[in-house]
Amino acid sequence: MKLTGNTILITGGTSGIGQALAHQFHQRGNTVLIAGRRQQELDRITAAHPGMHGIAVDLTDPAAITAFATRVRTDFPQLNVLMNNAGIMVEEDLSAGISAFAVAQRTIQTNITSVLQLTAELMPTLLAQDSATILATTSGLAFVPRANFPAYCGSKAFLHSWLQSLRQQLRGTQVQVLELAPPYVQTELTGAHQATDPNAMPLADYIAEVMQLLAVPEPPRGEVLVERVKVLRDAERKGEYEKVFGFLNQD
Ligand SMILES: NC(=O)c1ccc[n+]([C@@H]2O[C@H](COP(=O)([O-])OP(=O)(O)OC[C@H]3O[C@@H](n4cnc5c(N)ncnc54)[C@H](OP(=O)(O)O)[C@@H]3O)[C@@H](O)[C@H]2O)c1
């Protein structure tokens, strides 16, 4: 995708990967709109980045997504990049029975249903532009699951498959479809400990590599893969699936 001259909506722009991407694209002179639930964070980040916009939305609320999309279409009719990046990653003990189900439901709504709804809501706007990009953030865990996060890993595997269908359906249009599949990165996705976990990739290193990969006009299969995630992405193809699955699921 082109790295300048875009109008970009980044969900999950209030922290972690989304916030870092927003900063990078803002620095390059793009019009950047970030979304998340925390108004205070939206205010803090936009104040630090003059010209950046923030709109609060709770992606677990379908009516709120509709109202949000209406506002985006009205205020940013030139929107040409949608980054579906927001997500949650919560442990589930499936042996607990129905008490664990609420986490799965929330995960599916946040990580899957909201992505499909927001993409559908904004599709006419994106199709109307000279060039456009739809990106969704999946995960290396789409390819080899960590068993204590079943709905999370399943949600990312769903997106991986869905993005392939979306790409195929839009192949005759000017809309590019990209999959951002991060490895384990230092953010607060699973809690504060993750942001300093030495086993996780430093966020700045991840974003620097991603910005280089995004500049490639046609990434192979539309997948934006840093080196560190390839052990997961390629496990099955290389006949290393059992080994990698075992490594991820030692606990
Ligand atoms: N970090 C990793 O190791 C890693 C690895 C693979 C994939 N990923 C993926 O990368 C994406 C970004 O995660 P991150 O690591 O940057 O974690 P993060 O810092 O926790 O960011 C998650 C973002 O999602 C937003 N969000 C969560 N629930 C929401 C809701 N109901 N409505 C609106 N926004 C919501 C949060 O904003 P508010 O709290 O303000 O609502 C926040 O901005 C996720 O899709 C995640 O699955 C991360």
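**Student:** Whenever I open this one, the side chain of Thr14 confuses me. Can you help?
**Tutor:** Residue placement: Thr14 occurs in the loop between β1 (7-11) and α1 (16-27). Given a relative accessible area of 5%, Thr14 falls into the buried group. Within polar-contact distance, the side chain of Thr14 engages the side chain of Arg38 at 3.3 Å. For Thr14, the contacting residues outside a window of four places in its chain are Gln19, Ala35, Gly36, Arg38, Glu41, Leu42 and Ile45.

**Student:** How should the pairing of strand β6 (residues 175-180) be read in this particular structure?
**Tutor:** Each regular strand carries side chains that alternate between the two faces of the sheet. Within β6, 6 of the 6 residues are buried, which leaves the element mostly enclosed by the surrounding structure. Here β6 shows two buried faces, one formed by Val175, Val177 and Glu179 and the other by Gln176, Leu178 and Leu180. Viewed along the sheet, the connection from strand β5 (residues 132-137) through helix α5 (residues 150-169) into β6 turns out right-handed. Relative to strand β7 (residues 223-224), β6 is paired through 2 bridges, and the arrangement is parallel. Each bridged residue has a counterpart across the sheet, and for Leu180 the counterpart in β7 is Val224.

**Student:** Looking at this structure, I do not really get the site of the ligand. What am I missing?
**Tutor:** Around the ligand, the surrounding shell holds 30 residues, and the nearest of these are Thr14, Ile17, Arg37, Tyr152 and Thr187. One nitrogen or oxygen atom from the side chain of Thr14 is found 2.7 Å from an oxygen atom belonging to the ligand. In the environment of the ligand, an oxygen atom lies 3.5 Å from a nitrogen or oxygen atom belonging to the backbone of Gly16. Within the residue set of the shell around the ligand, elements represented by two or more residues are α1 and α5. For the shell around the ligand, the residue count by class is 11 nonpolar, 15 polar and 4 charged.

Reading the values: rules and limits
Residues numbered from 1 in each chain as written. Predicted model: local features only at pLDDT ≥ 70, side-chain atom pairs only at ≥ 80, totals over all residues. Heavy atoms only, no water. Helix = DSSP H or I, 4+ residues; strand = E, 2+ residues; numbered from the N terminus. Buried < 20%, exposed > 50% of the residue type's maximum accessible area, 1.4 Å probe, protein only. Polar contact = N/O pair within 3.5 Å; in protein donor to acceptor, adjacent residues only side chain to side chain. Contact = heavy atoms within 4.5 Å. Right-handed = clockwise from strand over helix to strand, strands pointing away. Pairing = 2+ DSSP bridges. Near = heavy atom within 4 Å. Nonpolar A, V, L, I, M, F, W, Y, C, P; charged D, E, K, R; others polar.

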